[in-house]
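Observations on the three-dimensional arrangement
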Amino acid sequence: MTEPVASREDIASLLKWYVDQGLDETIGETAIDRFAALPPAAAPASDSARASSPTPIRSAVLPPQARAPVPLESPQLVEDARALAERCNSLEELEAAVRAFEGCALKRTAKNTVFADGTPGAPVMIVGEAPGADEDRLGKPFVGVSGQLMDRMMEAIGLRRAGGFYITNILFWRPPGNRTPTLAEQAMCLAFTRRHIELARPKLLVLAGGTAAKAVLDTTEGIMRLRGKWVSYRLGDGTEISAMPTFHPAYLLRTPASKRQSWLDLLAVDKKLKELGVR
Ligand code: URA
């Protein structure tokens, strides 16, 4: 019996399903050793042959043993990130340091560094988890569907990116296929994010989703317990700012019934801003 041929629609919907699941690259079943695939080193040419042959385009390819191995899970990298971040005295310096940092493995697969968007110095700073495919492509946080929901929610309490809030993630690079970032990757980026909060000096922090809330607050408590309650976040100089953990907009898109709780969280943010005399 012959196998039925899949229709174009079936194939298109299978591909869509792959993309929805975060599979945006096709990879073969067998690993390719690309170093082994390099052409063998050429024998030294005679002077006359060298004079007549064209300059090889890829003459600078280094043999594999000449590349310095970088242990990407080393705790030293977290210390390096922390020391680098400490030396930054402005958001511009911090952004340049993050863009130049080569210690996080995620940077190798990401298209862009996603630093922040909105207004630096705005009263509210939102910290999310990690860039997704849209953010990676455009180099800005929260620009995909969940970002659009976030914008609408903030707008409902009168806050826009222009003047009302500043927004970032604990990770500056998209994890491949949106996988959960490792603790080492989180710790490395968090060293910069802590300094990011210190330099942005918001009046209030909004922590979007369990991963961001747990990482920033250094707790193992889940978002179901954390959300809706003010917690104090201490800056490096000892100043305390109020932080509100809340559901991630991607979760709200999957679970619209939870939007009611998020609305209560946002009303609490609005009330606190009024108490602080910000609006
Ligand atoms: N989810 C996040 O946590 N951050 C983004 O920037 C986009 C989606």
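As shown above, the structure is provided for reference.
Everything quoted here is computed from the prediction, not taken from an experiment.

1. Quick notes on the sheet that holds strand S5 (residues 231-234)
- Sheet architecture is open: six strands sit in the order S1-S3-S2-S4-S6-S5, paired in mixed fashion. The open sheet is flanked by strand S1 (117-118) and S5, the only strands paired with a single partner.
- Sitting on the sheet, helix H8 (residues 183-200) touches strand S2 (124-128), strand S3 (165-169), strand S4 (204-208), S5 and strand S6 (240-246), and the angle it makes with S2 is about 170°.

2. Comments concerning the site of the ligand
- Around the ligand sit Gly-128, Glu-129, Ala-130, Pro-131, Glu-135, Pro-141, Phe-142, Ser-146, Asn-169 and His-248, and that is every residue in its neighbourhood.
- Take Asn-169: an N or O atom from its side chain is 2.8 Å from a nitrogen atom of the ligand.
- One nitrogen or oxygen atom from the side chain of His-248 is found 2.7 Å from an oxygen atom belonging to the ligand.
- Burial of the ligand by the protein amounts to 92% of the accessible area it has alone, namely 230 Å².

3. A closer look at the nonpolar core
- Core analysis: the biggest nonpolar cluster contains 60 residues, and Val-124, Ile-126, Trp-173, Phe-192, Ile-197, Leu-205 and Tyr-233 have the highest contact counts within it.
- If you tally residues by element for this core, the top one is H8, at seven residues.
- Those residues within four positions of Leu-205 in sequence are excluded, and the remaining contacts are Met-125, Val-127, Ile-197, Trp-230, Tyr-233, Ile-241, Ser-242, Ala-243 and Met-244.

4. Considering the side chain of Glu-135
- When you line up the elements, Glu-135 lands in helix H6 (residues 133-138).
- Buried charge without a partner: Glu-135 forms no salt bridge, and the closest opposite charge is Arg-161, 7.1 Å away.
- Not counting the four nearest positions on each side in its chain, Glu-135 is found in contact with Val-114, Lys-140, Pro-141, Phe-142, Val-143 and Gly-144.

5. What about the environment of Val-124?
- Within the secondary structure, Val-124 sits in strand S2.
- Taking relative accessible area as the criterion, Val-124 reaches 0% and is therefore assigned buried.
- Spatially, the C-alpha atom of Val-124 lies 8.9 Å from that of Val-269, the residues being 145 residues apart in sequence.
- Contacts of Val-124, omitting those with residues within four sequence positions, involve Met-154, Leu-159, Gly-164, Phe-165, Tyr-166, Pro-202, Leu-204, Val-206, Val-269 and Leu-273.

6. Some details on the pattern of salt bridges
- All chains considered together, the criterion is met by 16 salt bridges.
- Two residues, Asp-265 and Arg-227, come together in a salt bridge whose shortest N-O distance is 2.7 Å. With Asp-265 in helix H12 (residues 259-275) and Arg-227 in the loop between helix H10 (223-226) and S5, this residue pair connects regions lying 38 residues apart in the sequence.
- What makes Arg-227 buried here is its relative accessible area of 15%.
- The partner of Asp-270 in a salt bridge is Arg-279, and the shortest N-O contact between them spans 2.4 Å.
- Overall, Arg-279 belongs to the partly exposed group, its relative accessible area being 41%.

What counts, and at which threshold
Residues numbered from 1 in each chain as written. Predicted model: local features only at pLDDT ≥ 70, side-chain atom pairs only at ≥ 80, totals over all residues. Heavy atoms only, no water. Pairing = 2+ DSSP bridges. Helix = DSSP H or I, 4+ residues; strand = E, 2+ residues; numbered from the N terminus. Contact = heavy atoms within 4.5 Å. Axes fitted to C-alpha atoms, helices over the stretch in contact; angles between N-to-C directions. Near = heavy atom within 4 Å. Polar contact = N/O pair within 3.5 Å; in protein donor to acceptor, adjacent residues only side chain to side chain. Areas by Shrake-Rupley, 256 points an atom, 1.4 Å probe, with all protein chains shown as cover. Core = buried A, V, L, I, M, F, W, Y, C linked by side-chain atoms within 4.5 Å. Buried < 20%, exposed > 50% of the residue type's maximum accessible area, 1.4 Å probe, protein only. Lys, Arg positive; Asp, Glu negative; His and termini not counted. Salt bridge = Lys/Arg side-chain N within 4 Å of Asp/Glu carboxyl O.

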